[in-house]
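# Summary of the model geometry
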Amino acid sequence: MLLEIRDLNLRFGGLHAVRNVNLQVPEGGLVGLIGPNGAGKTTVFNLITGVYQPDSGDIRFRGRSLVGLLPSQIVARGVARTFQTIRLFRDLTVLDNVRIAHYQRARYGLWPAFLRTARVLDREQQITERSMRLLEVFDLADLALEPARSLPYGAQRKLEMARALATTPRLLLLDEPAAGMNPAEVGQLAELIQNIRDRFGVTVLLIEHQMKMVMSICERITVLDFGQVIAEGTPEDVRNNPRVLEAYLGRRGVAMA
Amino acid sequence: MEFWLQQTLNALQLGSIYALIALGYTMVYGILRLINFAHGDIFMVGAFIGLAAALSLRLPMVPTLLLTMAATALLGVLIERLAYKPLRNAPRVSAVITALGVGIFLEHFVLATVGAEPRAFPALIAAHRFDLPGGLTMSSVQLLIIGVSVLLMMALDWFIRGTLTGMAMRAISWDRSVVPLMGISVDRIISLTFALGSGLAAAGGVLFGQAYPIIDAYMGILIGWKAFIAAVVGGIGNVRGAMLGGYILGVTEIYVAAVLPSTYRDFVAFTLLLLLLVFRPTGVLGRVQAQKV
Amino acid sequence: MQQASWTSRWAMPLAVLAGLGLAWAIPRYELINPYYELVLMYIGINIMLTVSLNLVNGHMGEFAVGHAGFMAVGAYVASVLTVRLIPWDWGPVLFPLALIGGGTGAGIVALLVAIPSFRTRGDYLAIVTLALNMIVKSVIENIEAIGGPRGFLGMNRLTTLPWVYVWVIVTLWAIRNFIYSNPGRGVLAIREDEVAAELVGVRTREVKVRAFILSAFFAGVAGGLFAHLLQFIHPRNFDIIKSTEILVMVYLGGIGSLMGSILGASIFTVLLEALRFMGVWRMVLAPLLLVLLMILRPTGIMGLREWRGLIPADERWRLGRLRARKGGTAGAAGD
């Protein structure tokens, strides 16, 4: 297992946001995390990436615990993410957004930076080239010098993914990457995610509301409701699970369905 | 023990003045997210307006106070309309720099018109000493300052919590864009906020002139920054927090000055406040803003 | 490795050298009025103060309000070194070391701001930096050995136009290289979105510490230069009014822009000198002009833009190639 979450708990004052959550993501897998709004899915992502510290429970990545680490340390271990609301560096160029993600991979230190040695020039060139190659994968290369805020919505989402991949993660957390997309775009995105998984060798954990996409590309799905895991299994298992239907549609909704 | 109780009275006096000024900072911040760096200088101008009123009109305390508060309130509204309103949608730092500029302008305008010599503020009430239980004495000035301040603060608190306009002020501090949709004129409320804040600062100025009767054009700087820190300590944006913060600062300063040489006064006070902020960044009564990621 | 054109690579270094020659020649051959020379030195010192504060307030997007505190530390440390420790005759030679000593002292004090900045931002950080400014001033006033509230004097007039010029260039060069390098890009990321920066691997604590120390270092050096120009320093030189002046220069010129800082510092210094004839009304008019500028152009003169000449040559070349490639001429020769 690449990622193992065991009995994870988090309270915000009176709200028990994450309750005894168990989750497993196998290496190379494409796992979905779904549930109604407010179920705690993004909170789980925040716990994995170190934005929040859990009250109890453990998060193990490649066998080592992530609890207590700073987010940047967790990124160094190989976990990257995108955000539910896009959090790009808006006033910086598309290129710089990706270059910044190389912060821990630059392979030159502070003093050479001051002197701008030949090694620095060399590495800067490599970082730029690598960033451009990454942008090409996402069809963003032509927009490299544009400020990130000027990009259309779909392109911004792709840029976030490119930026996350620049950190060479083993595990990629995607938080509602299809939000706001039309069906055609969602189809392209589904293909893109699978391509990324194959091409970059990353494991993907995906939060999504677009059921068609989730059902079609995820190998396993975990369902959260009110902070608890209410179902886990293959798409078929989950699709027909009465508790899942109830969580999304409500009891009366299920009766009517 | 008696010594400390006596010092506490001094602390309450100083704290009252800080609280009055801190209220202006906190209300403007709550409603505009702007640190009005000119506010300390508005306090100073209020003191000078009070001085002018006392010297030329020779009215007793209450009319002088009310007149000064009204005049300074008007000044506050004027500054808001001319300097801050155009920048309401500009980057926040531009507004902050403008505020600094307005402050510098006020300081030097007073300097240019009134002169650099510190001025003596005439006493507006008869000096009495009241004997209190426990061997304490309280001067009439102390009573005046603490009494008037508490009265004004209670009035403000009632206004903010009990009236519709006060509610509108609080609503704007939560969400400015929604309020106009409910038929409330945001501009009017903002002007009112500045008027209230400036008026209270002016009251602080006049009372200050009674307690520490030497005033000069630069006095607003240090006192302004201290009052600002008091507002932050109490939790900036929180009206009751500003009141509390003012007294916390007053107590800290007086107690420190009672034990250490006067040159340490500011140093220790600022250090203690720095420590408080490191351990409780949102201040005593501030709301902890949970960030949504 | 890439190669830019000859002019692109050497234009700036040559201009800098020419400037150095001029800076040396002016006092040597008394080419201009000593008063103007003094103003030029003040401009230089102010440029250093502005550029260093801009790193934290502009590039990193923080709100540090007590920059004069670092200037004070640098001024006093450098002065104590030259007056008490370094033999008089060695003064001119060891002057750079004294300045570096001052800057280092300021850098150490900067940790007192950097560490709280991990948890606080924006307005709260303003208080912390302000409190530190006051504390530094208070501490100096309480140390009798360096003159306390009466001030410290006895410095030799070691600050000369060439020295100021050299240090201005060093400041610009160091900060420019920092910003356009990997360790420095983190600064911009923090300004844009600190949480996202941390989540894409930027070690934000490390970046903040570095930025604050770097900023304080050059403010300290500027303080040392200031002290050895005036030959007398006093805690009141470094209070909140001074900090406010530096803030004004930063925002006047444009945050996040090195050229902006140069312009802001120059215009502010010259304006203040030019209006000296107005006496006290000078400081009545100047802020009004500032307010007017803020209303008309809130982001300062340069906004967030940078002058081409201050972008490192290799980066300029790289961006030029990308621009060319975008125009459909893929694989075209650079520059």
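Structural notes, computed from the coordinates. (Residues numbered from 1 in each chain as written. Chains lettered and ligands numbered in written order. Predicted model: local features only at pLDDT ≥ 70, side-chain atom pairs only at ≥ 80, totals over all residues. Heavy atoms only, no water.)

## Remarks on the pairing of strand 9 (residues 220-225) of chain A
All names here are of chain A. Stated formally: Each residue's exposure class comes from its accessible area (1.4 Å probe, protein chains only) as a fraction of the maximum for that residue type: buried when under 20%, exposed when over 50%, partly exposed otherwise. A run of H or I in DSSP becomes a helix once it reaches four residues, and a run of E becomes a strand once it reaches two; helices and strands are each numbered from the N terminus. Only strands that DSSP links by at least two bridges are regarded as paired with each other.
For strand 9, a buried count of 5 out of 6 residues is recorded, marking the element as mostly surrounded by other parts of the structure. When strand 3 (residues 30-34) meets strand 9, the two strands line up parallel, connected through 4 bridges. For I34, the partnering residue across the bridge sits in strand 9 and is V223. Counting the residues between successive antiparallel strands, the hairpin from strand 9 to strand 10 (residues 228-233) contains 2 residues, one of them, F226, with a positive phi of roughly 50°.

## Observations concerning the interface of chain C and chain A
What counts, and what does not: Any two residues whose heavy atoms approach within 4.5 Å at even a single point are treated as in contact. The term buried area refers to how much accessible surface (probe radius 1.4 Å) is lost by two components on association, counted for both of them together. Two N or O atoms form a polar contact when they lie within 3.5 Å of each other; inside protein one atom must be a possible hydrogen donor and the other a possible acceptor, and for residues adjacent in sequence the pair counts only when both atoms belong to side chains.
With 43 residues of chain C at the contact, the number on the chain A side is 44 residues. Buried surface at the junction of chain C and chain A, both sides included, amounts to about 3900 Å², of which 61% is carbon and sulfur. Linking chain C to chain A there are 15 residue pairs in polar contact (both at pLDDT 80 or more). For the side of chain C that touches chain A, the elements supplying multiple residues, two or more each, are helix 6 (161-179), helix 7 (182-199), helix 8 (204-230) and helix 12 (313-326) of chain C. Considering every element that reaches the side of chain C that touches chain A, the biggest residue donor is helix 7 of chain C, with 14 residues.

## Here's the deal with the environment of V139(C)
Residue and element names in this part refer to chain C. Looking at the element boundaries, V139 is found in helix 5 (residues 122-142). For V139, a relative accessible area of 32% corresponds to the partly exposed category. Along the primary structure V139 and P149 are separated by 10 residues, whereas in three dimensions their C-alpha atoms are 9.9 Å apart.

## Looking at helix 6 (residues 153-165) of chain A
Selection rule: One less than the number of residues in a helix, times 1.5 Å, gives the span that helix is expected to have.
An ideal rise of 1.5 Å per residue puts 18 Å on 13 residues; helix 6 of chain A measures up with 19 Å between its terminal C-alpha atoms. Taken across its 13 residues, helix 6 of chain A has 10 buried, putting it largely inside the fold. Here helix 6 of chain A has its buried residues at A155(A), Q156(A), R157(A), L159(A), E160(A), M161(A), A162(A), R163(A), A164(A) and L165(A). Of the surrounding elements, those touching the buried residues of helix 6 of chain A are strand 6 (79-81), helix 3 (94-100), helix 5 (118-137), strand 7 (171-175) and helix 7 (183-200) of chain A together with helix 7 of chain C.

## Overview of the sheet that holds strand 5 (residues 64-65) of chain A
Residues and elements named next belong to chain A. On the basis of which strands lie adjacent, the open sheet formed by 4 strands has the order 2-1-4-5 and antiparallel pairing. Among the strands making up the open sheet, the edge pair consists of strand 2 (15-25) and strand 5. Here 7 bridges tie strand 1 (residues 3-12) to strand 2, and the two strands are oriented antiparallel to one another. Within strand 2, the position partnered with F12 by the bridge is L15.

## Describing a nonpolar patch on the surface
The cut-off we apply is this: For patches, a residue must show more than 30% relative accessible area and have no salt bridge; joins then use 9 Å for like charges and 5 Å for nonpolar side chains, namely Val, Leu, Ile, Met, Phe, Trp and Tyr. To measure how exposed things are, a 1.4 Å probe is used in the Shrake-Rupley method; for residues, cover is taken only from the protein chains shown. Here, a salt bridge means any side-chain nitrogen of Lys or Arg that lies within 4 Å of a carboxyl oxygen of Asp or Glu.
On the surface, a cluster of nonpolar side chains totalling about 540 Å² of accessible area is made up of W6(C), W10(C), L14(C), L17(C) and L20(C). Looking at the element boundaries, L17(C) is found in helix 1 (residues 6-28).

## Considering the environment of A190(A)
Residue and element names in this part refer to chain A. Locating A190 in the fold gives a position in helix 7. We classify A190 as buried; its relative accessible area is 10%. Between the C-alpha atoms of A190 and A106, which are 84 residues apart in sequence, the distance is 31 Å. Not counting residues within four places of it along the chain, the set of residues in contact with A190 comprises M213 and I217.

## A word on the environment of L111(B)
Residue position: L111(B) is located in helix 4 (residues 92-114). Judged by its relative accessible area of 14%, L111(B) is buried. Separated by 38 residues in sequence, L111(B) and A73(B) place their C-alpha atoms 21 Å apart. Sequence-distant contacts of L111(B), that is, excluding residues within four places in its chain, are made with A116(B), A217(B), Y218(B) and V280(C).

## Things to note about the sheet that holds strand 8 (residues 203-207) of chain A
Residues and elements named next belong to chain A. Note the following rule: Here an axis means a line fitted to C-alpha atoms, over the contact stretch when the element is a helix, while the angle between two N-to-C directions is reported on a 0 to 180 degree scale.
Taken in spatial order, the 6 strands of this open sheet run 6-7-8-3-9-10, and their pairing is mixed. Because the sheet does not close on itself, it has two edges, and the strands there are strand 6 and strand 10. For this sheet the average axis-to-axis angle between neighbouring strands, irrespective of direction, equals 20°. Here strand 9 pairs with strand 10 via 5 bridges, running antiparallel.

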